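Geometric and topological summary
Okay, here's what each chain looks like letter by letter:
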Amino acid sequence: MLRTFLILFVGFSISACVSPTQVVTPLGEEHKGVRNVETIEVAYGEFSKSKLVAIDLERKAEGDESDTPDELQYKSLKEAMEVIVTQHLESRDNDIGQNSHVEIEIDNLKFANAAAAILIGDTDQLAGTVRVYDTETKALLTEFYVDVLKGRAGLLGLAIRGSGVREQLSLEYADIIGDQLGFEDK
Amino acid sequence: MNKAICIIAVATVLISACTYSVKDEEAKQVGERTKSPIKTSNLDIELENEDTLKHEALVLGIMCSANKYNLDMAEDLRTSLSDIDKNGLLSDPKGADVRVVMSSTKSSLKCIATGVISAKCMAKVEVVGETIAKNGEAKSFAFSKSSIRPAIASVSAPLTTCGGGASSLAEASAEVVDEIIELVKLYDN
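What counts and what doesn't
- Residues numbered from 1 in each chain as written.
- Chains lettered and ligands numbered in written order.
- Predicted model: local features only at pLDDT ≥ 70, side-chain atom pairs only at ≥ 80, totals over all residues.
- Helix = DSSP H or I, 4+ residues; strand = E, 2+ residues; numbered from the N terminus.
- Buried ≥ 20, exposed ≤ 12 C-beta atoms within 10 Å, placed from the backbone.
- Contact = placed C-beta atoms within 7 Å.
- Pairing = 2+ DSSP bridges.
- Axes fitted to C-alpha atoms, helices over the stretch in contact; angles between N-to-C directions.
- pLDDT = per-residue confidence, 0-100.
- Parallel < 35°, antiparallel > 145°, perpendicular 65-115°, else oblique.
- Left-handed = near helix turned anticlockwise from the far one by under 90°.
- Nonpolar A, V, L, I, M, F, W, Y, C, P; charged D, E, K, R; others polar.
- Expected span 1.5 Å × (residues − 1).
- Arc of directions from axis to C-beta.

1. With respect to the overall build of chain A
- The number of helices and strands found in chain A is seven helices and five strands.
- Starting at the N terminus and ending at the C terminus, chain A contains elements arranged as α-β-β-α-α-α-β-α-β-β-α-α.
- Counting the 186 residues in chain A, one finds 36% classified as buried.
- Taking the intrachain contacts of chain A between residues at least 6 apart in sequence as the baseline, contacts between residues at least 24 apart amount to 79%.

2. Some words on the sheet that holds strand β1 (residues 19–21) of chain B
Residues and elements named next belong to chain B.
- The strand order across the open sheet built from three strands is β1-β5-β3, with neighbouring strands paired in mixed fashion. Among the strands making up the open sheet, the edge pair consists of β1 and β3 (54–56). Direction aside, neighbouring strands of the sheet carry axes that sit 15 degrees apart on average.
- With respect to the sheet, helix α4 (residues 163–185) is in contact with β1 and β5 (68–72), its orientation differing from that of β5 by roughly 25 degrees.

3. Looking at the confidence of the model for chain A
- For chain A, the average pLDDT comes to 82, and 77% of its residues sit at 70 or higher.
- Predicted confidence is poor over residues 12–16 of chain A, with pLDDT under 50, and the contacts of this stretch with residues over four places away or in other chains come to 23 contacts.

4. With respect to the packing of helix α4 (residues 77–92) of chain A against helix α7 (residues 165–180) of chain A
Residue and element names in this part refer to chain A.
- α7 packs onto α4 with a crossing angle of 45 degrees between their chain directions and a minimal axis gap of 9 Å. Considering their axes alone, α4 and α7 lie oblique with respect to each other. Regarding α4 and α7, the two cross each other, and that crossing is right-handed. Contacts from Leu 77, Ala 80, Met 81, Ile 84, Val 85, His 88, Leu 89 and Arg 92 of α4 reach α7 at Arg 166, Glu 167, Ser 170, Leu 171, Ala 174, Asp 175, Ile 177 and Gly 178.

5. Topic: the environment of Val148(A)
All names here are of chain A.
- Along the polypeptide, Val 148 turns up in strand β5 (residues 140–152).
- Judged by the 24 C-beta atoms lying within 10 Å of it, Val 148 is buried.
- Residues Val 148 and Gly 128, spaced 20 residues apart in sequence, show a C-alpha to C-alpha distance of 9.0 Å.

6. What to know about unusual backbone geometry
- Of note, Lys138(A) is a non-glycine position whose phi angle comes to about 65 degrees, a positive value.
- By the secondary structure assignment, Lys138(A) is in the loop between β4 (122–134) and β5.
- A residue is classified by how many C-beta atoms lie within 10 Å of it, and Lys138(A), with 8 of them, is exposed.
- Here the phi dihedral of Asn49(B) falls at roughly 55 degrees; this positive angle occurs in a residue that is not glycine.
- Tracing the chain through its elements places Asn49(B) in the loop between β2 (45–48) and β3.

7. Considering the sheet that holds strand β1 (residues 21–25) of chain A
Residue and element names in this part refer to chain A.
- Strands sit in the order β1-β5-β4-β3-β2 across an open sheet of five strands; the sheet is mixed. At either margin of the open sheet sits one strand with a lone partner, and together these are β1 and β2 (36–44). Pairs of neighbouring strands in the sheet enclose a mean axial angle of 20 degrees, with direction left out of account.
- Where β4 meets β5, twelve bridges bridge the pair, whose relative direction is antiparallel. Each residue of the ladder has a partner; that of Val 130, found in β5, is Phe 144.
- Contacting β2 and β3 (99–110), α4 runs over the sheet at an angle of about 160 degrees to β2.
- Contacting β1, β3, β4 and β5, α7 runs over the sheet at an angle of about 140 degrees to β5.

8. With respect to the packing of helix α3 (residues 73–84) of chain B against α4(B)
Residues and elements named next belong to chain B.
- One way to put it is that α3 packs onto α4 with a least axis distance of 10 Å and a crossing angle of 35 degrees. Our pair here, α3 against α4, has a crossing hand that is right-handed. On the side of α3, the interface is formed by Met 73, Asp 76, Leu 77, Ser 80, Leu 81 and Ile 84, while α4 contributes Ser 173, Ala 174, Val 177, Ile 180, Ile 181, Val 184 and Lys 185.
- Grouping the constituent residues of the contact of α3 with α4 by class yields nine nonpolar, two polar and two charged.

9. Quick word on the environment of Asn113(A)
- With respect to the element layout, Asn113(A) can be found in the loop between β3 and α5 (114–119).
- For the pair Asn113(A) and Glu41(A), spaced 72 residues apart in sequence, the C-alpha separation works out to 29 Å.

10. Brief notes about α4(A)
Residue and element names in this part refer to chain A.
- Relative to the 22 Å expected for 16 residues at 1.5 Å per residue, α4 spans 22 Å between its end C-alpha atoms, a close match to the ideal helical length.
- Among the residues of α4, those classed as buried are Leu 77, Ala 80, Met 81, Ile 84, Val 85, His 88 and Leu 89. Taken end-on, α4 shows its buried residues confined to a sector of 140 degrees, consistent with a single buried face. Opposite the buried face of α4, at more than 90 degrees from it, the exposed residues are Gln 87 and Glu 90.

11. A few points about the confidence of the model for chain B
All names here are of chain B.
- Overall, the prediction assigns chain B a mean pLDDT of 80, with 75% of residues at 70 or greater.
- Long-range and interchain partners of residues 8–15, a stretch whose pLDDT sits below 50, account for nine contacts in this model, where long-range means more than four residues apart.
- The low-confidence segment residues 155–159, where pLDDT is below 50, has four contacts with residues more than four positions distant or belonging to other chains.
- Here the predicted complex carries an ipTM of 0.73, next to a pTM of 0.77.

12. Some points on α3(B)
Residue and element names in this part refer to chain B.
- Between its first and last C-alpha, α3 extends 17 Å over twelve residues, near the 16 Å set by a 1.5 Å rise per residue.
- Buried within α3 we find Met 73, Asp 76, Leu 77 and Leu 81. Axial view of α3: buried residues confined to an arc of 125 degrees, hence all on one face. Looking at α3, the residues exposed on the side facing more than 90 degrees away from the buried face are Glu 75 and Thr 79.

Written as structure tokens, this is what we have:
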């Protein structure tokens, strides 16, 4: 039991340092930075579909008292991510390349537990697989796994965290997709 | 402060990291998987390119990424094919009735915390190959199997925090092997 506790503590602590991305199918050099993202589709993986749907329902029932933009306030994670990722990639891609379809399969959305964050540290997490296809040929261009982790330790960590956590995580997730596709920062 | 936490965390994770031999892990899970009774066929079977079945699973995400998961599906498939092979040797001087030629194998594992002290692992194993009948007719196959298990295989046993990952890989790879066996059995008229 002590060991489990220790490993979980270490897991939470280490996740303050990194947001790992593992490439399953690398993007060909010829596609880097020259693809236009035309469509984005977000789905929930079988891993934690019920949990994610429950989070969506809770949000719709209670709303969000944060400073989340109104258009995202009552949207499900799927809908919010589609908006955030689309807007972010539109600001980064160059609109001149061949069209691509981005498919995101979310495995986990976890919010740091306040008590755990104060006592041992905890993390906010948004994790899932991204697959990018050529719109015309339907060929898989690249597949990678994005795990966005934001460590929260102590009262200060919670204070820095602020509000709109889901949106913060989605934006970082979108940024990693842009990096993987070789888009330049604008 | 943050830097110190990171250094301690990295060091502890490295100390606690394991290399799992998924085959051994499967042996520990004996009894959890019900196999259909083995019935020897009238087929002489050959297995080719079996080395492609030995590989390391790609761990996705942060959890359990400090561990290595080595899969040796070659031995499992060889054993299972031997069980249904006519003489049990997987070779015949007169030539095989069916050749199982492996092309590629890959597997991935992702583990996610589902609660304060609970986590799940999902393994996916994919194989591609072909079966070639004695008359030269080839049929390609591609099997993909997934398995979800709790990440902590046994809280009381040491070094098993990510042991459930090995169990889920073992289960998925065993199901892939079963699919190949069922496919080969179709040649037994």
